[in-house]
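Spelled out from the first residue to the last, the chains are:
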Amino acid sequence: MMSLITAAALHEEMSSNAPRHLFDCRFDLRDHCAGAKAYADGHIQGAQYLHLEYDLSSDRNGLNGRHPLPDAQIFATRLGSLGLAPDMPVAVYDDAGGMIAARVWWMLRWIGHRGDVSVLDGG
């Protein structure tokens, strides 16, 4: 079951210095630069950006769909390079009704991430 975290609960955690890794995964299927631009324009303090095309997908070959899953080890290594440890709590958010954030939640479970993973309720 995917867990949600409210903005108020996330703010309270952050105010108490509770460690939670934050990922901003905003993305617009019509404008692949929009999410990164939105992140650059402003994001939750401490959040790191995950790009759907470059971080959350592998190359397309014409037979594997629009956003095929990346290699699990490559994805895990990428998250490790961003400072994520296997048992660290995570919160993810997007501005697409949770569509991309839910993908990140699922991918973290897919690679065996043991920490709590929550999607920010309301993006």
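Residues numbered from 1 in each chain as written. Predicted model: local features only at pLDDT ≥ 70, side-chain atom pairs only at ≥ 80, totals over all residues. Heavy atoms only, no water.

J.: Which parts of the structure should I look at to understand the sheet that holds strand β2 (residues 21-24)?
T.: The strands making up a sheet are joined through hydrogen bonds of the backbone, oriented either antiparallel or parallel. Taken together, five strands build an open sheet; the order of strands is β1-β5-β4-β2-β3 and the sheet is parallel. Every interior strand has two partners, whereas the edge strands, β1 (3-5) and β3 (48-49), have only one. In this structure, β1 lies alongside strand β5 (residues 117-120), joined through three bridges in parallel fashion. Within β5, the position partnered with S3 by the bridge is S118. Helix-sheet contacts for helix α1 (residues 7-15) involve β1, β2, β4 (90-93) and β5, and the interaxial angle to β1 is about 70°. (Pairing = 2+ DSSP bridges. Helix = DSSP H or I, 4+ residues; strand = E, 2+ residues; numbered from the N terminus. Contact = heavy atoms within 4.5 Å. Axes fitted to C-alpha atoms, helices over the stretch in contact; angles between N-to-C directions.)

J.: Help me understand the confidence of the model for the protein chain, please; the structure alone is not making it clear to me.
T.: One rule of thumb: low pLDDT means the predicted coordinates there are not for detailed reading. Of the residues in the protein chain, 93% have a pLDDT of 70 or more, and the chain-wide mean is 91. Taken element by element, the protein chain is modelled with least confidence in α1, mean pLDDT 93, and with most confidence in β3, mean pLDDT 98. (pLDDT = per-residue confidence, 0-100.)

J.: Any chance you could explain the side chain of H113 here in plain terms?
T.: Structurally, H113 is set in the loop between α4 (99-110) and β5. Look at H113 and you get buried, because its relative accessible area is 7%. Not counting residues up to four positions away in its chain, the partners in contact with H113 are L84, A85, P86, D87, M88, V90 and L108. (Buried < 20%, exposed > 50% of the residue type's maximum accessible area, 1.4 Å probe, protein only.)

J.: Could you clarify how one ought to interpret helix α3 (residues 72-81) in this entry?
T.: In an α-helix there are 3.6 residues to a turn, and that puts residues three or four apart on one side. One side-chain oxygen of the residue at the start of α3 lies 3.0 Å from the amide nitrogen of Q73, identifying that residue as D71. Immediately beyond the C-terminal end of α3, within one or two residues, lies G83, with a positive phi of roughly 95°. (Polar contact = N/O pair within 3.5 Å; in protein donor to acceptor, adjacent residues only side chain to side chain.)

J.: Is there a simple way to explain the packing of aromatic side chains in this structure?
T.: By convention here, two paired aromatic rings are described through the distance between centres and the angle between planes. Applying the stated criterion across every chain, the model contains two aromatic pairs. Taking 5.5 Å as the distance between ring centres and 35° as the angle between the ring planes, the aromatic pair formed by Y39 and Y49 counts as tilted. Note that Y39 is positioned in helix α2 (residues 34-41) and Y49 in strand β3, a separation of ten residues in sequence. You'll find Y39 and Y49 in the same group, each marked buried. Between W106 and W110, the ring centres sit 5.7 Å apart and the planes meet at 15°, which makes this aromatic pair stacked. Placement of both W106 and W110 in helix α4 is noted, with a separation of four residues, approximately one turn of the helix. You can call W106 partly exposed: its relative accessible area is 40%. (Phe/Tyr/Trp six-rings, centres within 6.5 Å; stacked < 30°, edge-to-face > 60°.)

J.: Would you mind going over the side chain of H51 with me for this structure?
T.: In this structure, H51 sits in the loop between β3 and α3. For H51, a relative accessible area of 6% gives the class buried. Looking at H51, its side chain comes within polar contact range of the main-chain nitrogen of E53, at 3.0 Å. In this view, H51 contacts F27, H32 and L56; residues no more than four positions away in its chain are not counted.

J.: Is there a simple way to explain the pairing of β5 in this structure?
T.: Consecutive side chains of a regular strand alternate in pointing toward one face of the sheet and then the other. Here β5 shows no split at all, with V117 and V119 on one side and S118 and L120 on the other all buried. The parallel pair β4 and β5, bridged by α4, forms a crossover whose chirality is right-handed. (Right-handed = clockwise from strand over helix to strand, strands pointing away.)

J.: Is there a simple way to explain the pattern of salt bridges in this structure?
T.: In a structure, side chains of opposite charge can pair up when their charged atoms sit close to one another. Tallied over the full model, the rule gives six salt bridges. Across the pair R20 and D116 runs a salt bridge whose closest N-O atoms are separated by 2.9 Å. You can see R20 sitting in the loop between α1 and β2 and its partner D116 sitting in the loop between α4 and β5, a full 96 residues away along the chain. Note that D41 is salt-bridged to K37, the shortest N-O span being 2.9 Å. Taken together, the residues D41 and K37, both in helix α2 and four residues apart, mark about one turn of the helix. Accessibility assignment for this pair places D41 and K37 in one class, exposed. (Salt bridge = Lys/Arg side-chain N within 4 Å of Asp/Glu carboxyl O.)

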